[in-house]
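Structural characterization, general
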Amino acid sequence: MKAIHALARYFPDKCGGIQVNLTELLPKLRSHNIEVTIAAASNGSRTEKNYEFNDVEVYRYPVFPSPKTQPNHGQFPHGKFEHFANWLSHQQADIYHQHHWEVYCGLPHLRLAKKLGMATVVTIHYPIPICQRTTLMFNGEKVCNGKIDIVRCSKCADTFSNKLPAAIVKSLSYLPQPILSSLALPTSAYLPASLNKGDLGEFVRPFVIPGYVAARQQSLQAMAKYADRIVAVCDWLYQALLINGIPKEKLVLSRCGISYPTQAKLPRVRQQSEPLKIIFLGRWDINKGVDILVQAIKNLPLEIPIELVIHAIPQDEQYRKKILQMIGDDPRICVEKQLTRAEIPQILANYDMLAVPSQWLETGPLVVLEAHALSLPVIGSNLGGIAELVRHGIDGWLVPANDIQAWTEALQMLATDANLLQQLRQGIKPVRTVSMQAAELAAIYSNLHQ
């Protein structure tokens, strides 16, 4: 059986958890007699490129010129789409499996695969197909159920829309997509980003956001039409797809797994006299909540034995500078270099806990599994995928996401009670592996290929 896995980007480009998981998953799929080829966009490129990465054939299709990010999910084929179409039509694949839902790898790609007669699978790894704000946090403050509603979603994604009556917001959603796609809008018109007073986006956004929400709703229904199976990687995402009318018979809940790391040394065992050593692994991104974690530690009395080390991936330089300013000369908090995948297991073994203070609905995250695989309890936000993986008081500690006082109190308790830390460590069970994930995926493929 031959399967094409399609993505918006792939290694050796800068990538994230989706690609990391896939590179570990593909060798396991081979053990089920599934031949895999990667197709990934190469944004800004005019030409195709073929190479191998980790013994897997990779085809990079050109995307030129760089398309606008809205309306989302690529309702219209991007420039040079014919290269992808020609390549896919010659693959003679049995399965087409898509991992992104955006303009570089979206609806046109899925629709073409279905037209060519392939069995089609889409894995949803993030809230983007459902949420215009992209975080599934209503007004950025509380968890949303994910139900797409033109008026509600428009006012959540763009506060300026609150000044318009609901009837007008609804009517603006009927603006034709070809017009929305052709408008020369500033970047700030596309996302719920902060605006400076007088920016063009301040006046334009209320008139286009409803159309973007409508486009997102329409593309989700188109996904349900052209995908034979839609894989949700966590329960909250599964429920959000159901509430938006995705047929239950097409939905599958299949979580990501990890490869168990080879431990170079035994995990650290903290003594009562030693500080609680906490590590953060993630991006310099406000949604990752490093500021919450840093402020909580700074609120602790200096005599509380605790240390935080931040190993973050570059993304938002302005946010990184803000955190460094917050830290100041506090000796309990330090920022270290970004870690490679190979370094993570050995570095994690030097710590007592992993902190995951995310301010949005994660669908994993894989780092929780990696910590548990190395016997590290997790202190994390009581949100989304984190709350699905961490059992409060058993193998970790869950805290209200943006409640700094609650984080401060939880950290103080964990820092002063070494017995609690040991209790949490003993509660950790074996984690889900990529072999389990591959077996489930192979069963999906086999069922569709019959």
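Within each chain, residues carry numbers counting from 1 in the order of the written sequence. Predicted model: local features are reported for residues with pLDDT of at least 70 only, side-chain atom pairs are reported and counted for 80 or more only, and whole-chain, interface and lining totals are derived from all residues. Just so you know, side-chain values use all the structure's heavy atoms and leave hydrogens and water out.

1. Some words on the state of the cysteines
- We call a pair of cysteine sulfur atoms a disulfide when they lie within 2.5 Å. With the rule as written, the count across this model stands at zero disulfides.
- A disulfide-free cysteine, Cys15 has its sulfur positioned 13 Å from the sulfur of Cys105, the nearest such atom.
- Cys131 takes part in no disulfide bond, and the closest cysteine sulfur to it belongs to Cys156, at a distance of 6.1 Å.
- Burial classification: accessible surface area is computed with a 1.4 Å probe over protein chains only, and a residue below 20% of its type maximum counts as buried, one above 50% as exposed, and the rest as partly exposed. Note on Cys131: relative accessible area 10%, which makes it buried.

2. Topic: the sheet that holds strand S15 (residues 378–381)
- Pairing in this open sheet of six strands is parallel, and the strands run S13-S12-S11-S14-S15-S16 from one edge to the other. Pairing within the sheet leaves two strands with one partner each, and these edge strands are strand S13 (333–336) and strand S16 (396–399). The sheet shows a mean angle of 20° between the axes of neighbouring strands, direction not considered.
- Here four bridges tie strand S12 (residues 306–313) to S13, and the two strands are oriented parallel to one another. From the neighbouring strand, Ile310 faces S13, where its bridge partner is Val335.
- Working rule for contacts: check all heavy atoms of both residues, and any pair within 4.5 Å makes them a contact. Axes here refer to lines fitted to C-alpha atoms; in helices the fit is confined to the stretch in contact. Angles between the N-to-C directions go from 0 to 180 degrees. Secondary structure is summarised from DSSP: a helix means a run of H or I of at least four residues, a strand means a run of E of at least two, and numbering begins at the N terminus for each. Along the sheet face, helix H15 (residues 418–426) touches strand S11 (276–283), strand S14 (353–356) and S16 and points at about 105° away from the line of S16. Only strands joined by at least two bridges in the DSSP assignment are considered to pair.

3. A look at the sheet that holds strand S4 (residues 56–63)
- Read across the sheet, eight strands follow the order S3-S4-S2-S1-S5-S6-S9-S10 without closing on themselves; strand pairing throughout is mixed. The open sheet terminates on both sides in strands that have one partner only, identified here as strand S3 (49–53) and strand S10 (251–253). With strand direction ignored, the average angle separating the axes of adjacent strands in the sheet is 25°.
- Strand direction decides the pairing type here: strand S2 (residues 35–43) and S4, joined by seven bridges, are parallel. Within S4, the residue paired with Ile38 across the bridge is Val58.
- Seen against the sheet, helix H8 (residues 235–243) touches strand S6 (119–124), strand S9 (229–232) and S10 and runs at an angle of roughly 165° to S10.
- Here helix H16 (residues 434–449) sits on the sheet in contact with strand S1 (2–7), strand S5 (95–98), S6, S9 and S10, set at roughly 150° to S6.

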